[in-house]
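Chain by chain, the residues:
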Amino acid sequence: MNLSDLAAMGAAPRWALLALGLPAAEEDWLAQFSAGLFALAERFGVELIGGDTTRSPVRTISIVAIGEVPAGVAMYRGAAKPGDDVWVSGELGGAALALRRPDIQEVAQRLHEPEPRVELGERLRGLAHAAIDISDGLTGDLGHVLERSQVAAVLDYERIPRPAALRAIGDRELERDCVLSGGDDYELAFTAAPRRREALEALSAELGLALTRIGAIEAGEAKLVVHDANGEPIGYRPGYDHFRGRP
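Cut-off values and rules
- Residues numbered from 1 in each chain as written.
- Predicted model: local features only at pLDDT ≥ 70, side-chain atom pairs only at ≥ 80, totals over all residues.
- Heavy atoms only, no water.
- Phe/Tyr/Trp six-rings, centres within 6.5 Å; stacked < 30°, edge-to-face > 60°.
- Helix = DSSP H or I, 4+ residues; strand = E, 2+ residues; numbered from the N terminus.
- Buried < 20%, exposed > 50% of the residue type's maximum accessible area, 1.4 Å probe, protein only.
- Lys NZ or Arg CZ within 6 Å of the ring centre and 35° of its normal.
- Arc of directions from axis to C-beta.
- Contact = heavy atoms within 4.5 Å.
- Pairing = 2+ DSSP bridges.
- Axes fitted to C-alpha atoms, helices over the stretch in contact; angles between N-to-C directions.

Asks: For this particular structure, what's the right way to read the packing of aromatic side chains?
Replies: To describe a pair of aromatic rings, you give the distance between the ring centres and the angle between the ring planes. Under the definition given, this model contains 2 aromatic pairs. On the basis of an interplanar angle of 5 degrees and a centroid distance of 5.0 Å, the ring pair of tryptophan 29 and phenylalanine 33 is categorised as stacked. Here the residue tryptophan 29 and the residue phenylalanine 33 both occupy positions in helix α2 (residues 27–43), the gap between them amounting to 4 residues, near one helical turn. For the pair tryptophan 87 and phenylalanine 190, a centre-to-centre distance of 6.2 Å together with 5 degrees between the ring planes defines the contact as stacked. One end of the pair, tryptophan 87, is in strand β4 (residues 85–89); the other, phenylalanine 190, is in strand β7 (residues 187–192), with 103 residues separating them in the sequence. According to the relative accessible area criterion, phenylalanine 190 is buried, its value standing at 1%. If you follow arginine 59 out to its NZ or CZ, it ends over the ring of tryptophan 29, 4.1 Å from the centre. Stacked on the ring of tyrosine 157, the Lys or Arg arginine 176 has its end atom at 5.6 Å from the ring centre.

Right under this line is the structure:
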């Protein structure tokens, strides 16, 4: 999750701080946790530089990751511009479907082993204007970009990539809810000028990662409209709210 946040700004991960609260020093749990943590840190070149370990009534884990990005190329939520294309990486809705159907292995992996788009984030420097990672749902997270940038957006629902498992279920209402409002995918949503289309398509091919143009940024109040195949607006629920849960 921390790495995904850094990726959304185009930052290269460098260091991490870890705070652990534990009811007891469970050696087996600590060995497994440490093995997973350090394997991920080594993969992305992150050094654990400090933190704290304390006794706690319940197990708590708090991690802060710190990265670096060259001056002038960081991607901010407030940098979307009218006329920009809206893009997403990968597929959306898989992790949300896994919460409802944990028996589907294809999507269960997306929920339990999310892939932070670190390399993509770094490669988007100078190509994208604004970006955000999709942790709380496409509509909710993209809404933060629109609010900060003071722009509107129109999306084409049929263009939004989604796992084959969602279509196979045949429940259109469930599919739309997972794709538009489901969280935990940790893909990147970003905006870029139309003149960057060819470069982004080339980057997609180079990384072997789907980058899909799903809509456009428009001038106007911060409002998101999603159209169906007939050009009609689709209703959707807001993304996840950490203080209220599902709306």
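Asks: How do you make sense of helix α4 (residues 105–112) when you look at a structure like this?
Replies: Three- or four-residue spacings in an α-helix give side chains the same orientation, since the helix completes a turn every 3.6 residues. Listed as buried for α4 are Val107, Ala108, Arg110 and Leu111. On an axial view of α4, the arc spanned by its buried residues comes to 155 degrees, and they lie on one face. Facing away from the buried side of α4 by over 90 degrees, the exposed positions are Gln105 and His112. Against the buried residues of α4 lie α3 (94–100), α7 (164–169) and β7.

Asks: Before we go on, may I ask you to explain the side chain of serine 135 in this structure?
Replies: Here serine 135 lies in the loop between β5 (131–134) and α6 (138–149). Here serine 135 is in contact with Asp141, Gly183, Asp184 and Tyr186, once residues within four sequence places are set aside.

Asks: I keep staring at the sheet that holds strand β9 (residues 224–227) and nothing clicks. Help me out?
Replies: Strand-to-strand pairing in sheets goes through backbone hydrogen bonds, with the strands running parallel or antiparallel. The mixed open sheet is built from 6 strands, whose spatial order is β5-β7-β4-β8-β6-β9. Two strands lie at the open edges of the sheet, namely β5 and β9, each paired on one side alone. Taking the axes of each pair of neighbouring strands and ignoring which way they run, one obtains an average angle of 25 degrees across the sheet.

Asks: In this structure, what is going on with the sheet that holds strand β1 (residues 12–22)? I would like to understand it.
Replies: A sheet is described by the order of its strands in space; here 3 strands give the open sequence β2-β1-β3, paired in mixed fashion. The sheet terminates laterally at β2 (47–55) and β3 (60–68), the two strands that pair on one side only. For this sheet, the mean angle separating the axes of adjacent strands, direction not counted, is 15 degrees. Taken together, the 8 bridges between β1 and β2 define a ladder with parallel strand orientation. Opposite leucine 17, over in β2, you have glycine 50 as the bridge partner. Packing of α2 onto the sheet brings it into contact with β1, β2 and β3, and relative to β1 it is tilted by some 165 degrees.

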